[in-house]
Amino acid sequence: MKPLLFLTRLLPEPAIKLLEDNFTLKINPYNRSLTKQEIMENIKDADALICLLTDIIDKEIIDAAPKLKVISNYAVGYNNIDVEYAIKCGIVVCNTPGVLTETTADLTWALIMATCRRITESERFIRSGKFKGWEPMLMLGQDVNNKTLGILGMGRIGQAVAKRAVGFNMQIIYHNDIPLNQNLPYEATEVDFNTLLKEADILTLHIPLTENTYHLIGKNELEIMKDSAVLINTSRGPIIDEQELIRALSTKKIFAAGLDVYEQEPYIPPELLALDNVVLLPHIGSASIETRTKMALLAVENAISVIEGRKPPAMVKLT
Ligand code: DGY
């Protein structure tokens, strides 16, 4: 008999075919996220689980699945999983790094451009019939070219974002929690966290959400940033203290923000929705057809490898 895999949400077709070949497959039949109770009921007999970043896989859920051997997250970030407990229970946790790097860097750049040049605000302006012709002071934004790009977290995605900045003639500065023992193929200067905050014209976040990074960007950090600075977040919402960001945007303490992620997704505070100097996207960093398919295939390959007793291509380790 084939092992049982529970999939918490339908994935792109090529992944489903592969799953059907290797598992007895049980899929969430609804076009919505499942409740904790529903996940618990469905994984009682499962050998493998493929879940989303929106599924909170905590101790209780793990305890409800005594046969579980692998939790394969359909995301690179895995803050939704109690990794320590899973590993303690002998369960292998996997994620999908690498395949979404370039796509997420593209979206980061879409946010940088949209935010600095007030693209979405300008579009709203046009659609609401307010455009009366060219004006000297209409929708003045911030230049991107020749500015200083500050990158917090110089991992795969941070580096892919930096690579794109070369064409814009930008000065690149970055801060990483551990020194990068690696030569970068472009000029980039490692600085301390405070210097990054102080000198970046555009600050973009590419770090995981952990106990240490929760609200890393709060009142003090926003205070240190330039009044003309733009803050971009395509990593995880809770890294920024959203209430403090709202205050900084409302008082023009910083120029603008571009966000793909939020503190309590899908909830967006009404005060944020009301602001013009923020570009808001619905967590679509990796959302291209090609990349979501690659992520799905990697998530499946991870699950198959563990079940077959092989080392999975992307296993999460405790740091
Ligand atoms: C991830 O993978 O962690 C992104 O947030 C979604 O692709």
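Residues numbered from 1 in each chain as written. Predicted model: local features only at pLDDT ≥ 70, side-chain atom pairs only at ≥ 80, totals over all residues. Heavy atoms only, no water.

1. Regarding the pairing of strand 4 (residues 70-73)
Of the two faces of strand 4, both are covered, the one formed by Val-70 and Ser-72 as well as the one formed by Ile-71 and Asn-73. Two strands pair when backbone bridges link them, and strand 3 (residues 48-51) and strand 4 are joined in this way by 4 bridges, in the parallel orientation. Looking at strand 4, one finds that Cys-51 is bridged to Asn-73. In the sheet, strand 4 pairs with strand 5 (residues 92-94) via 3 bridges, with the strands oriented parallel. (Buried < 20%, exposed > 50% of the residue type's maximum accessible area, 1.4 Å probe, protein only. Helix = DSSP H or I, 4+ residues; strand = E, 2+ residues; numbered from the N terminus. Pairing = 2+ DSSP bridges.)

2. Quick look at helix 12 (residues 289-307)
Owing to its 3.6 residues per turn, the α-helix brings residues three or four apart onto one side. Spanning 19 residues, helix 12 covers 27 Å between terminal C-alpha atoms, matching the ideal 27 Å at 1.5 Å per step. Three or more residues of helix 12 are buried, namely Thr-291, Thr-293, Met-295, Ala-296, Leu-298, Ala-299, Val-300, Asn-302, Ala-303, Ile-304, Ser-305 and Val-306. Contact partners of the buried residues in helix 12: strand 1 (4-7), helix 1 (13-22), strand 3, strand 4, strand 5 and helix 5 (101-116). One or two steps after helix 12, the chain reaches Gly-309, where phi turns positive at roughly 80°. (Expected span 1.5 Å × (residues − 1). Contact = heavy atoms within 4.5 Å.)

3. Here's the deal with helix 10 (residues 242-250)
Listed as buried for helix 10 are Glu-242, Glu-244, Leu-245, Ile-246, Ala-248 and Leu-249. Of the surrounding elements, those touching the buried residues of helix 10 are helix 9 (219-224), strand 10 (230-233), strand 11 (256-259), helix 11 (270-273) and strand 12 (278-280). The N-cap of helix 10, judged by a side-chain oxygen 3.2 Å from the amide nitrogen of Gln-243 a few residues on, is Asp-241. Looking at the residues trailing helix 10, positive phi occurs at Lys-252, about 60°. (Polar contact = N/O pair within 3.5 Å; in protein donor to acceptor, adjacent residues only side chain to side chain.)

4. Notes on the site of the ligand
Every residue near the ligand is listed here: Leu-53, Ala-75, Val-76, Gly-77, Leu-100, Arg-236, His-283, Ser-286 and Met-295. Separating an oxygen atom of the ligand from a side-chain N or O atom of Arg-236 is a distance of 2.7 Å. With respect to the ligand, the side chain of His-283 contributes an N or O atom lying 2.7 Å from an oxygen atom. In isolation the ligand has 230 Å² of accessible area, and contact with the protein removes 91% of it. Among the residues making up the shell around the ligand, the classes are represented as 5 nonpolar, 3 polar and 1 charged. (Near = heavy atom within 4 Å. Areas by Shrake-Rupley, 256 points an atom, 1.4 Å probe, with all protein chains shown as cover. Nonpolar A, V, L, I, M, F, W, Y, C, P; charged D, E, K, R; others polar.)

5. Some remarks on the sheet that holds strand 8 (residues 189-190)
Strand order in the open sheet formed by 7 strands is 8-7-6-9-10-11-12, and the pairing between neighbours is parallel. Of all strands in the sheet, those with a lone pairing partner are strand 8 and strand 12, marking the two edges. Relative to strand 7 (residues 171-175), strand 6 (residues 148-152) is paired through 5 bridges, and the arrangement is parallel. Looking at the pairing, Thr-148 lines up with Gln-171 of strand 7. Its contacts with the sheet place helix 10 against strand 10, strand 11 and strand 12, and it is angled at close to 140° to strand 11. (Axes fitted to C-alpha atoms, helices over the stretch in contact; angles between N-to-C directions.)

6. A word on the sheet that holds strand 2 (residues 24-27)
One open sheet accounts for 5 strands, arranged 2-1-3-4-5; its pairing is parallel. Of all the strands in the sheet, just strand 2 and strand 5 have a single pairing partner and so form its edges. With direction set aside, neighbouring strand axes in the sheet form an average angle of 15°. Docked against the sheet, helix 1 engages strand 1, strand 2 and strand 3, running at close to 135° with respect to strand 2.

7. Overview of the side chain of Arg-236
Assignment of secondary structure puts Arg-236 in the loop between strand 10 and helix 10. The charged side chain of Arg-236 is buried without a salt bridge, its nearest counter-charge being Glu-265 at 6.6 Å. Aside from chain neighbours lying at most four places away, what touches Arg-236 is Leu-53, Ala-75, Gly-77, Asn-79, Leu-209, Val-261 and His-283. (Lys, Arg positive; Asp, Glu negative; His and termini not counted. Salt bridge = Lys/Arg side-chain N within 4 Å of Asp/Glu carboxyl O.)

8. Details of the nonpolar core
Ranked by size, the top nonpolar core spans 48 residues in total, and within it Ile-50, Leu-149, Met-154 and Ile-202 carry the most contacts. Built from parts of two domains, this core gets at least three residues from each of domain 1 (4-99 + 289-307) and domain 2 (101-280). The residues touching Met-154, leaving out its near neighbours within four places in the chain, are Gln-159, Ala-162, Ile-172, Tyr-174, His-175, Asn-176, Leu-180, Leu-184, Tyr-186 and Ala-188. One finds Ala-229, Leu-231, Leu-249 and Val-278 within the second-largest nonpolar core, a separate group that totals 30 residues. (Core = buried A, V, L, I, M, F, W, Y, C linked by side-chain atoms within 4.5 Å. Domains from an automatic or database assignment.)

9. Quick word on the domain arrangement of the protein
As far as domains go, the protein holds domain 1 (4-99 + 289-307) and domain 2 (101-280). Contacts between the two partners involve 8 residues from domain 1, matched on the other side by 5 residues from domain 2. Counting the contacts that link domain 1 with domain 2 gives 0 salt bridges. The interface formed by domain 1 and domain 2 holds 3 residue pairs in polar contact (both at pLDDT 80 or more) in total. Residue composition of the side of domain 1 that touches domain 2, grouped by class: 4 nonpolar, 4 polar and no charged.

10. Some points on the layout of surface pockets
For the second largest pocket, the calculated volume is near 160 Å³. If you trace the second largest pocket, you find it lined by Ala-114, Thr-115, Arg-118, Thr-120, Glu-121, Lys-252, Phe-255, Ala-256, Asp-276, Asn-277, Val-278 and Val-279. When contributions to the lining of the second largest pocket are tallied by element, the ones reaching two or more residues are helix 5, helix 6 (119-127) and strand 12. Counted by class, the lining of the second largest pocket contains 5 nonpolar, 3 polar and 4 charged residues. (1 Å grid on protein atoms, 1.4 Å probe; cavity = no way out; pocket = protein on both sides within 12 Å on 5 of 7 lines; lining within 4 Å. Points joined across faces, edges and corners; volume = space filled by probe spheres on them.)

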